[in-house]
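Coordinate analysis (summary)
The residues making up each chain are set out below.
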Amino acid sequence: MPDVKHFDPDVALDRVASLFWEHGADTTGVAEVVKATGLSRSSLYATFGGKGQLYAAALRRYLERQSRPVFDALAADERGLPAIAGFFERLVSARCTGEHARWGCLVTNAHAAAGRELPEVQHVLAAHHGALRSAMRAALEAARRHGHLRSGLDTEASAETLALLAYAVNLRSRSGAEAAELLAGVRAVLDGFTDVTTTEENR
């Protein structure tokens, strides 16, 4: 007869994702995961596989619970550049203040972490980047419809630039950068996208 699970795998995975997010997967040992979840090693391995598979599962959970709702909201926001500015303002605030201050982004952190070469981790990184870039592109296309963008701006390349900027905010905030410094950098990039005839209210 197979063992019956006496725990909620979703709750356990949420705790693992939080642990990896705050402390980093590289420096978090299985013993710490066992302590945080209250599960035995055998239960962890039977449910999630090895640490690499557990890490990938935590990344997928973060993408679906933390990242994708934000990206979907940005993609659906028709305001153009104000929507992008608002995205970065909220990102900086979340990264520099509150419950998860200085944790960075779990998926962004994974780009430089051990295990990034695992196929299942690579899949999450690609999915996250694709969703972020797509949301930025949608917001830039809305900005173009509003006449916010300077003539000839390549929205595909600009969406990639904004995605990379989001990663930079995540990493710099984790290392202690001040919110004002991060926001100044964001504004400089957005100013470079803006039509010089756009009013301050529309930016």
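Here we summarise the structure given alongside this text.

Conventions we followed
- Residues numbered from 1 in each chain as written.
- Predicted model: local features only at pLDDT ≥ 70, side-chain atom pairs only at ≥ 80, totals over all residues.
- Heavy atoms only, no water.
- 1 Å grid on protein atoms, 1.4 Å probe; cavity = no way out; pocket = protein on both sides within 12 Å on 5 of 7 lines; lining within 4 Å.
- Points joined across faces, edges and corners; volume = space filled by probe spheres on them.
- Helix = DSSP H or I, 4+ residues; strand = E, 2+ residues; numbered from the N terminus.
- Nonpolar A, V, L, I, M, F, W, Y, C, P; charged D, E, K, R; others polar.
- Axes fitted to C-alpha atoms, helices over the stretch in contact; angles between N-to-C directions.
- Parallel < 35°, antiparallel > 145°, perpendicular 65-115°, else oblique.
- Contact = heavy atoms within 4.5 Å.
- Core = buried A, V, L, I, M, F, W, Y, C linked by side-chain atoms within 4.5 Å.
- Buried < 20%, exposed > 50% of the residue type's maximum accessible area, 1.4 Å probe, protein only.
- Salt bridge = Lys/Arg side-chain N within 4 Å of Asp/Glu carboxyl O.
- Phe/Tyr/Trp six-rings, centres within 6.5 Å; stacked < 30°, edge-to-face > 60°.

Enumeration according to the criterion identifies one cavity of 30 Å³ or more in this entry. Taken as a whole, the largest cavity encloses approximately 60 Å³ of empty space. Forming the boundary of the largest cavity are Phe20, Val30, Val33, Leu44, Tyr45, Phe48, Gly49, Gly50, Lys51 and Leu54. Elements represented by at least two residues in the lining of the largest cavity include exactly α2 (30-37), α3 (41-48) and α4 (51-76). Counted by class, the lining of the largest cavity contains seven nonpolar, two polar and one charged residues.

Helix-helix packing is described using two parameters, namely the angle between the two axes and the distance between the axes. Between helix α1 (residues 9-23) and α4, whose axes approach to 9 Å, the crossing angle comes to 95°. Between α1 and α4, the crossing angle belongs to the class labelled roughly perpendicular. Contact with α1, carried on its side by Asp10, Leu13, Asp14, Val16, Ala17, Phe20 and Trp21, involves Lys51, Leu54, Tyr55, Ala57, Ala58, Arg61, Tyr62, Arg65 and Gln66 of α4 and no other residues of that element.

A few words now on the layout of surface pockets. Once rolled over the atoms, a probe with the size of a water molecule shows which space is left empty. Estimates place the volume of the largest pocket at around 340 Å³. Taken together, 21 residues make up the lining of the largest pocket; nearest its centre are Tyr62, Gln66, Val70, Leu91 and Arg95. Mapped onto the lining of the largest pocket, the elements with two or more residues apiece are α4, α5 (81-96), α7 (119-145) and α8 (155-174). In terms of residue class, the lining of the largest pocket is built from ten nonpolar, eight polar and three charged.

All right, on to the nonpolar core then. Ile84, Phe87, Phe88, Leu132, Met136, Leu162 and Leu190 are the most contacted members of the largest nonpolar core, which totals 33 residues. Contributions of two or more residues to this core are made by α4, α5, α7, α8 and α9 (179-193). Take this core: its biggest share by element is nine residues, from α5. Contact partners of Phe88, with chain neighbours within four places excluded, come to Met136, Leu162, Leu165, Ala166, Val169, Leu183 and Val186. The next biggest cluster of nonpolar side chains, apart from the first, holds 29 residues, and it includes Phe20, Ala57, Ala58 and Val124.

Here the structure, examined in full by the defined rule, presents nine salt bridges. A salt bridge links Glu64 to Arg68; the shortest N-O distance between them is 3.1 Å. You can see Glu64 and its partner Arg68 sitting in helix α4, four residues apart, about one turn around the helix. The partner of Arg145 in a salt bridge is Glu78, and the shortest N-O contact between them spans 2.8 Å.

Under the defined criterion, the tally for this structure stands at four aromatic pairs. Ring geometry for Phe20 against Tyr55: centres 5.7 Å apart, planes inclined by 85°, an arrangement best described as edge-to-face. Separated by 35 residues along the polypeptide, Phe20 in helix α1 and Tyr55 in helix α4 bring together distant segments of the chain. Grouping residues by exposure puts Phe20 and Tyr55 together as buried. For the pair Trp21 and Trp103, a centre-to-centre distance of 5.1 Å together with 85° between the ring planes defines the contact as edge-to-face.

Where α4 contacts α5, the two axes come as close as 10 Å, and the packing angle between them is 150°. Comparing their axes, α5 and α4 come out roughly antiparallel. Along the contact surface, α4 presents Tyr62, Val70, Phe71 and Leu74, while α5 presents Ala83, Ile84, Phe87 and Arg95. Split by residue class, the contact of α4 with α5 holds seven nonpolar, no polar and one charged.

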